[in-house]
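Chain and residue survey
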Amino acid sequence: MLPTRNWRLHFCRSFGRHVAFPAAIFQELNRSVAASENHKSRAAFEAPHSYSRSEEQYDSLIEKYRISSSSHGANRFHGDALKNGIVADLFIANTIISRYAGDEDMLSALDVFDEMPVRNSVTWSCLISGYTSNGMSHDAFSAFRDMISVGFSPNHYSLGSALRACQKLGEDGGGLKHGIQIHGLISKTRYGSDVVVCNVLISMYGSCSSSSEEVRSDRSWLAFQGIANKNSISWNSIISIYSRRGDAFSAFSLFSDMQKEGFGIDYRPTEYTFTSLITAASESPDHDRIPTLLEQLLARIEMSGFSQDLYVGSALVNGFARCGAVDAAKKVFRHMGVKNAVSLNGLMVGLVKQKKGEEAFDIFLKSRGEIRFNADTYVLVSTSFGEFRCPEVGKRKGKEIHGYLIRKGSIDSSVAVGNSLINMYAKCEAVEDACSVFETMVDKDAVSWSSLISGLDRNGCFEDALSSLRSMKRDGSIRSNFTLISGLSSCSGLLWIKMGEQIHCESVKLGLNDDVSVSNTLLSLYADAGCMNECGKVFGSMRLRDRVSWNSMIRASAVDSAAYFTEMLRAGWDPDGVTFINVLASAASRSDLRLARQIHSSVLKWNCREEDGNALENSLLTCYGKCGEVDDSERIFSRMTGGRDDISWNSMISGYIRSERLADAMELVSLMLRDGGKKPDRFTFATVLSACASVATLVHGMEVHACAVRACSVSDVFVGSALVDMYAKCGRIEYASKVFASMPLRNVYTWNSMVSGYARHGDGSKALQIFDRMKEESQVPDHVTFVGVLSACSHMGLIDEGYRHFESMRKEYQLVPQVEHFSCMVDLLGRAGEFDKLEEFVDGMPMSPNVLIWRTVLAACGRAKSRRLLDLGTRAAEKITELEPENAVTYILLANMYASGERWESMAAARRRIKTASAGKEAGCSWVCVKDDGVHVFVSGGKSHPRIDAIHEKLGELHREMKARGYVPETRHSSLHDLELENKEEILSHHSERLAVAFVLTLKKKSDMPIRIMKNLRVCVDCHTAFKYISEIVAGRQIVLRDSNRFHHFKDGECSCNDYW
């Protein structure tokens, strides 16, 4: 039998695991009962109608339920108390309430409470504690208010329970508001300095997620300061508050104060202290100092003997790993006496963040058998596969883990594991596998949908991503900011502005439009679509802006980028590398050298070069190249500190090409190949080949072709397309055809190059054949395709077929004809002499004819040699002078037209206008490329060539031979009208293309290779005739002349254009 004074305390301990209230309350009851047994007062514990009871009844009841663990123990205990007639005993009734609360039966507890004739503060505390422990925080507050209203003063336990209820509700549920009110009540009582109550108060403030961290920490600090006798729990609680806030300085200062105040009292830091300090160090805003702080903490932990503690070690591993100190994390992990999934997961998180997926997987494999993995472990190992250097290897390893998880049944039991597999497959570029995982998941949450949509967007499956977004909405899942961001990104990829606007509206409905990331993605969408008004509205409506917001706006606004850059600085934001890259891109697009130099100075001032590696220096290279300052580009290129990447080389090569320094560009390509074996990429080859095509340097183009062969890049569709275009523009259409035929894959640019190439070479029938093949192979033509097709019809005089193709643009391919297509049709009708149809066509155009259209009309009237067309030509000239009054080309065409119609006075007036026009006539020049001797350039009547005497001698020979064969000079040219016949013939014979062909014929080296001459203007009628005669004289040798319109292939007195050009 138990001693009389201790039986109730023994009862409390026996039921301690069932009751919801602390055992200390029952110690208070025990003291009260002891007082009653000393005959001070029994009235406080019994009902007004007291009854006799024996210790045997109590002992029997206690012994019966002492070891009971039944979930219905409260009901039985209550029933036995009723049978024994002791239910009205205050101690027994309080115990029944607490036991019902422990069984989560608060209705029965409340019934007992309501039936009690007498209650004390312990009764109220039991009820409040029961409500709190069962998650009924608002009921707990109501009971707390009722307790005070009926005159009971709150004690430790009722205050503690009420504060824990506040803690469970959090700020959003009103917990912080109630907690502050209770804090005010506490400050008016003797518990204002009580260490137990104040510790709970600090914990409550720490757990309530306040929107204002400063306010929350200040209230915690006030509660801490008010404690009369602090203990280690007080110190640990306040340190934890500042640690979670990320205020490492305050947390460590408090730790120092704790040790100073604890001198003599021995406030030893515990595992909780060190865990909080590790959290504080890890969350420090000074990222560079985090590893140092953690190293210092590690030394202190080792001194305190907690280096083997599981929780401290796990926190250290996690802290080191997250700040990038992976080696230190691995060292701590290896020396831990006991490891668990938390410590392993912390290390794997750091490795995955550092893109060390292979190492994370290796540690996972080594930990098998030693550590029991949890769901988070499988989530992390799945994530690690997406960070493998080779996506294919990552996918293969991921499939192995996927199979294991299927056998284990983890996918069906954990949504997070399924989500990680979706994310893993998406990062490994296995979109179909990601979709398969999603489809087979039994349970899906919002993260599942977001992972799928994000993965589809990341892999360029934009339409599928938007389709999944619609399915998610139909499924009823709540769209998060991440989901909307992926949807907007897909809209940007497709330039689906209407869909983007719908998602924008949805973000407003969901209240996510204030999310900075969502707004930034909207800015990017509207910027990519060129919707600057919407872009400005979104930016103006943003309540919060980050650096990304400013960078997006600077990128979007090419014209006002400098103004936004200035506003960004005024708003207090420091620019980063992306900021400068965006402003430099704006300066480059406008060739604004002044802005480029100012930004370059700012880059040096902010010292951003090292931070962003080559990206910023590459932008400077590109900007100076586009501004024509290639010397500055050279200086930057030669001093690049981070090593040159492919973009650096390509930017420098593009700069040379833009400055017409093709030889330097070719030399740089050769140097690139020698620089540590660096291989030019497809952009390099496409850029250089485009430059070769623009100046028609076949020799250089073939050198680049050889480089592409050595680099194994010929099979690339972009390089192949550039080769086709280069050979076509350099006059080797047969080479272009061979490259075209050998390409394993073709895109629309490849087909366009071939169609345009044949059209440019005057072989319209082959151009149309290629177009038919293009349609047969299901390649959809675009606007450029039809420019080539209509040009082919124009060169061949196929009026009906030209009309048919022109109409098919809108009817079959939903392509709206542009001004270039109308110009081709005007040229077609003009060359065919269908001037009535031409005038009707121009008058019926849906847009106002521009300079290109009217100049084509004027040129056609000049070729017609018909006086009746002078009115149409004059009308065209008047329209051109309205649009471009100072362009000399207009007056040249007009003068030639008048000369053809023998209206000499009008011709003279037109020629006088040429002299006064601000935009003068471009001088005619031709050039040839000679192997091992470079490019030779000639201008009409030029005498600067070192071999000019031999050239003139050869021209004389050719002229005499041509006359002997029947050549008659065409001297009706407007510029020759006032000259004598001999002077007219001499001027014609010294045109630049004739000087070029004579130069080639003076070379001692005999060759049967075609003579290839390039000319910047359209060849005149007389030179075209002369070249036919010259091709007879140099029998068996072809002459290829490329003028501004097309190629002419002269051989044996004939031209490929059949005099139709």
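Residues numbered from 1 in each chain as written. Predicted model: local features only at pLDDT ≥ 70, side-chain atom pairs only at ≥ 80, totals over all residues. Heavy atoms only, no water.

By the naming in an unreviewed UniProt entry, the chain goes by DYW domain-containing protein and is assigned to Genlisea aurea. Quoted verbatim from the Sequence similarities (unreviewed entry) field of UniProt, the annotation for the chain is "Belongs to the PPR family. PCMP-H subfamily." (UniProt positions renumbered as here; feature names shortened; annotations may be inferred.)

Side note on the nonpolar core
Side chains of nonpolar character tend, in soluble globular proteins, to be buried together. Counting 226 residues, the largest nonpolar core has Phe320 and Met726 as the members making the most contacts within it. Among all residues touching Met726, those that are not within four sequence positions of it are Leu689, Cys692, Ala693, Leu698, Gly701 and Met702. Formed by 30 residues, the second largest nonpolar core is a distinct cluster that contains Leu955, Ala998, Ile1039 and Leu1041. (Core = buried A, V, L, I, M, F, W, Y, C linked by side-chain atoms within 4.5 Å. Buried < 20%, exposed > 50% of the residue type's maximum accessible area, 1.4 Å probe, protein only. Contact = heavy atoms within 4.5 Å.)

A look at the pairing of strand β5 (residues 1047-1051)
When a strand is regular, its side chains alternate between the sheet's two faces. The element β5 is extensively covered by neighbouring structure, given that 4 of its 5 residues are classed as buried. Between strand β4 (residues 1039-1042) and the antiparallel strand that follows it, β5, lie 4 residues. Relative to strand β6 (residues 1054-1055), β5 runs antiparallel, the two being bridged by 2 bridges. If you follow Phe1050 over to β6, its bridge partner there is Cys1055. The turn linking β5 back onto β6 is made up of 2 residues, and Asp1052 within it adopts a positive phi angle of 55 degrees. (Helix = DSSP H or I, 4+ residues; strand = E, 2+ residues; numbered from the N terminus. Pairing = 2+ DSSP bridges.)

What to know about the packing of aromatic side chains
Overall, the coordinates contain 28 aromatic pairs when judged by the stated rule. Relative to Trp124, the ring of Phe113 has its centre 4.8 Å away and its plane inclined at 75 degrees; by these criteria the two rings are edge-to-face. You can see Phe113 sitting in helix α6 (residues 106-115) and its partner Trp124 sitting in helix α7 (residues 121-133), a full 11 residues away along the chain. Of the two residues, Phe113 and Trp124, both sit in the buried class. Centroid distance Phe806 to Phe822: 5.2 Å. Interplanar angle 75 degrees. Geometry classified as edge-to-face. With Phe806 in helix α47 (residues 799-813) and Phe822 in helix α48 (residues 819-831), this pair connects stretches of sequence that are 16 residues apart. The class for Phe806 is buried, based on a relative accessible area of 7%. With a relative accessible area of 5%, Phe822 lands in the buried category. Through a chain of ring-to-ring contacts, three or more aromatic side chains come together here, namely Phe361, Phe364, Phe373, Tyr378, Phe385, Phe388 and Tyr404. Sitting over the face of the ring of Trp649, Arg644 holds its NZ or CZ atom 5.8 Å from the ring centroid. Cation over ring: Arg746 sits above Phe740, and NZ or CZ is 4.4 Å from the ring centre. (Phe/Tyr/Trp six-rings, centres within 6.5 Å; stacked < 30°, edge-to-face > 60°. Lys NZ or Arg CZ within 6 Å of the ring centre and 35° of its normal.)

Regarding the environment of Gly757
Along the chain, Gly757 falls in helix α44 (residues 748-760). Separated by 20 residues in sequence, Gly757 and Ser737 place their C-alpha atoms 9.4 Å apart.

Some thoughts on the side chain of Ser448
Topologically, Ser448 is positioned in helix α26 (residues 446-458). For Ser448, a relative accessible area of 0% gives the class buried. Within the structure, the side chain of Ser448 is placed 2.5 Å from the side chain of Asn419, a separation counted as a polar contact. For Ser448, the contacting residues outside a window of four places in its chain are Val415, Asn419, Ile422, Phe438 and Met441. (Polar contact = N/O pair within 3.5 Å; in protein donor to acceptor, adjacent residues only side chain to side chain.)

Side note on the UniProt feature "repeat: PPR" (unreviewed entry) in the chain
UniProt marks residues 120-154, 231-265, 445-479, 645-679 and 747-781 with the feature "repeat: PPR" (unreviewed entry), using the numbering shown here. End-to-end, the C-alpha atoms of residues 747-781 are 10 Å apart, and along that stretch the chain is 74% helix and 0% strand.

What about the packing of α48 against helix α49 (residues 835-843)?
Look at α48 against α49: their axes get within 8 Å of each other, and the N-to-C directions meet at 160 degrees. In terms of their interaxial angle, α48 and α49 are classed as roughly antiparallel. Every pair of crossing elements has a handedness; the one defined by α48 and α49 is left-handed. Between α48, through Phe822, Met825, Val826, Leu829 and Gly830, and α49, the contact on the second element is made entirely by Phe835, Lys837, Leu838, Phe841 and Val842. For the contact of α48 with α49, the residue count by class is 8 nonpolar, 1 polar and 1 charged. (Axes fitted to C-alpha atoms, helices over the stretch in contact; angles between N-to-C directions. Parallel < 35°, antiparallel > 145°, perpendicular 65-115°, else oblique. Left-handed = near helix turned anticlockwise from the far one by under 90°. Nonpolar A, V, L, I, M, F, W, Y, C, P; charged D, E, K, R; others polar.)

Observations concerning α26
The terminal C-alpha atoms of α26, which comprises 13 residues, lie 18 Å apart, in line with the 18 Å expected from a rise of 1.5 Å per residue. On the buried face of α26, the contacting elements are α24 (415-427), α25 (431-440), α27 (462-475) and α28 (481-494). At the N-terminal boundary of α26, the capping side chain belongs to Asp445, with an oxygen 3.1 Å from the backbone nitrogen of Val447. Immediately beyond the C-terminal end of α26, within one or two residues, lies Gly460, with a positive phi of roughly 80 degrees. (Expected span 1.5 Å × (residues − 1).)

Considering empty space enclosed by the protein
Picture a little ball the size of a water molecule; that probe, rolled over the atoms, points out where space is still empty. Enumeration over the complete set of coordinates arrives at 1 cavity of 30 Å³ or more. What the largest cavity holds in volume is close to 40 Å³. Leu955, Leu958, His959, Met962, Ser989, Arg994 and Ile1030 together form the lining of the largest cavity. When residues of the lining of the largest cavity are assigned to their parent elements, the largest contribution, 4 residues, is made by helix α54 (residues 948-964). (1 Å grid on protein atoms, 1.4 Å probe; cavity = no way out; pocket = protein on both sides within 12 Å on 5 of 7 lines; lining within 4 Å. Points joined across faces, edges and corners; volume = space filled by probe spheres on them.)

Quick look at the environment of Leu351
Along the chain, the position of Leu351 falls in helix α19 (residues 341-353). Note on Leu351: relative accessible area 0%, which makes it buried. Taking the C-alpha atoms as reference, Leu351 lies 9.5 Å from Ala325; in sequence the two are 26 residues apart. Apart from the residues within four sequence positions on either side, Leu351 is in contact with Val326, Lys356, Gly357, Glu359, Ala360 and Ile363.

Observations concerning α27
With 14 residues, α27 should cover 20 Å at 1.5 Å per step; its first-to-last C-alpha distance of 20 Å lies within 8% of that length. Along α27, the positions that sit buried rather than exposed are Ala465, Leu466, Ser468, Leu469 and Met472. In an axial view of α27, the angular spread of the buried residues amounts to 155 degrees, which keeps them on one side of the axis. The secondary structure elements touched by the buried residues of α27 are α26, α28 and α29 (497-509). Gly476, located one to two residues past α27, shows a positive phi value of around 90 degrees. (Arc of directions from axis to C-beta.)

What about the sheet that holds β6?
The mixed open sheet is built from 6 strands, whose spatial order is β2-β1-β3-β4-β5-β6. The two strands at the open ends of the sheet, each matched to only one other strand, are β2 (934-939) and β6.

With respect to the pattern of salt bridges
All chains considered together, the criterion is met by 35 salt bridges. Where Arg661 meets Glu634, a salt bridge forms, and the shortest distance between an N and an O atom there is 3.2 Å. Placement of Arg661 in the loop between α38 (646-658) and α39 (662-674) and of Glu634 in helix α37 (residues 630-638) is noted, with a sequence separation of 27 residues between them. Exposure remark for Arg661: the relative accessible area of 26% places this residue in the partly exposed category. Residue Arg875 is joined to Glu839 by a salt bridge in which the shortest nitrogen-to-oxygen separation is 3.4 Å. With a gap of 36 residues between them, Arg875 in helix α51 (residues 870-883) and Glu839 in helix α49 connect regions that are remote in the sequence. Taking relative accessible area as the criterion, Arg875 reaches 27% and is therefore assigned partly exposed. Assessed through its relative accessible area of 31%, Glu839 is described here as partly exposed. Each of Arg597, Glu629, Asp632 and Arg635 takes part in salt bridges that share partners, so that together they form one network. (Salt bridge = Lys/Arg side-chain N within 4 Å of Asp/Glu carboxyl O.)

Topic: the layout of surface pockets
Taken as a whole, the second largest pocket encloses approximately 790 Å³ of empty space. What lines the second largest pocket is a set of 25 residues, and nearest its centre among them are Val699, Cys929, Val930, Lys931 and Met1009. Looking at the lining of the second largest pocket, the elements that each hand over two or more residues are α41 (698-710), β1 (925-930) and β3 (1011-1015). In terms of residues, the lining of the second largest pocket owes the most to one element, β1, which gives 4 residues. Two domains each provide a minimum of three residues to the lining of the second largest pocket, namely domain 4 (679-745) and domain 6 (925-1055). (Domains from an automatic or database assignment.)

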